[in-house]
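# Report on the structure
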Amino acid sequence: MGLLICLGLVTPFHVAPAMSGLRSAFSATRSRSVLGGSQRAVTFDRLLVNVGGDFNPDTGRFRCRLAGAYYFSFTVGKFPKKLLSVMLVKNGQEVQAMAYDGHRKPGRKVQSQSVMLTLKPMDTVWLLLQQSPDYALYSNVGPYITFTGYLVYPDSSSSMSYLNNHLPQPGFLHPDCPPPTDPWYSLTREKAFEEPRSAFSVARTTSVLGESGGYREKEALTFDVEYVNIGGHFNKTSGHFTCHFPGSYFFAFTVGRHPHRAVSVKLMTGRGEVQAMVFDEDTSRHREMQSQSLLLSLRKGDTVWLYSQQDQRYAVYSNQGRYTTFSGFLVYPDWESSILDRTYN
Ligand SMILES: *[C@@H]1O[C@H](CO)[C@@H](O)[C@H](O)[C@H]1NC(C)=O
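Just so it is clear, the model here is predicted, and its values are computed rather than measured. (Residues numbered from 1 in each chain as written. Predicted model: local features only at pLDDT ≥ 70, side-chain atom pairs only at ≥ 80, totals over all residues.)

This next bit is on the overall build of the chain. A count of helical and extended segments in the chain gives five helices and 24 strands. For the chain, long-range pairs separated by at least 24 residues make up 76% of all intrachain contacts whose partners lie at least 6 apart in sequence. (Helix = DSSP H or I, 4+ residues; strand = E, 2+ residues; numbered from the N terminus. Contact = placed C-beta atoms within 7 Å.)

Here you go:
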């Protein structure tokens, strides 16, 4: 067992952020509309949570203090008769994902988007607006506009560096592991052994058009951009996430609706059990998006994937702005199975 603990330090197990004090989280809302061209970044007038103080509502910028993998999500209101286009950007103007609605109808509605990003200290993340009077965001005291982000997994190198400094030289590796003298070292070593990590976030930069005719196997949506793939459990070529650590996982996806096509995308497990879906049968020429999210309890070997209806009436829209995204991460490992897995693998 002592040897297992020593080796456990180099496996993809991490220090629970809450236990180690490595915390960062914010959530902010905006109660006023923004007209295109009046400002570049979405700013916020109400801060609900700002653990670590990394978010500045006046500039709308999150500035990374702790390296790691963060989950970001935002929802924006569409202003009547205006276009909606908001991009989640990193640092200067590196577009990560977007929310879009090309209708100029009088009605109001909201669009949402979410991704996980790997950040290093001083990286900034914010919401970029289109600099044109054709675009606007709607909000009121409701509020329609929200922006949230939190650290899911601190960088293993930053949370483990202290441990690595204390590892014996390879030649001196002792099967019993010398007893640690520092209580924090002992705690993090235990947590490092216990907490598995798994996360992915991917996007498409091209559309997928459904085709009718003939029976075909249900094929998963595939992805060409990978923001995060901790543990390597997502295969973007096959579009499948495979569970390695049993537990409760959060999944979120957003898909673009293609001009003149309906959208129907299902979150599937295994061979095709539908867990949740998005649907929009509007076939106007305007683009917009649909989002969905949920938690699933997974066993080792379970697969999770997205299925877009394979029929010529349906499609999924995306471009370099990355309308179509898919993310998932382990929230709570299933304790007993993860310990059994570690011990008897
Ligand atoms: C990913 O999926 C592709 C297509 O199904 C497959 O050829 C490839 O071997 C898979 N990669 C891994 C690492 O499993």
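What follows covers the pairing of strand β20 (residues 273-280). Sheet topology note: the strand β19 (residues 263-269)/β20 ladder contains seven bridges and is antiparallel. By the bridge assignment, Thr-269 is partnered in β20 with Glu-273. (Pairing = 2+ DSSP bridges.)

Our next topic: the environment of Glu-195. With respect to the helices, strands and loops of the structure, Glu-195 is situated in the loop between α4 (183-194) and β13 (199-203). Residue Glu-195 is classed as buried on the basis of its C-beta count, with 20 C-beta atoms lying within 10 Å. With 137 residues separating them in the primary sequence, Glu-195 and Tyr-332 have C-alpha atoms 8.9 Å apart. (Buried ≥ 20, exposed ≤ 12 C-beta atoms within 10 Å, placed from the backbone.)

A few words on the sheet that holds strand β17 (residues 240-242). On the basis of which strands lie adjacent, the open sheet formed by five strands has the order β16-β17-β22-β19-β20 and antiparallel pairing. Strands at the two margins of the open sheet, each flanked by one partner only, are β16 (234-235) and β20.

Turning our eyes to something else, we now look at the confidence of the model for the chain. Mean pLDDT over the chain works out to 86, with 80% of the residues at or above the 70 mark. Low pLDDT (under 50) marks residues 1-12, which in the prediction has 17 contacts with non-local residues, meaning those over four places away or in another chain. (pLDDT = per-residue confidence, 0-100.)

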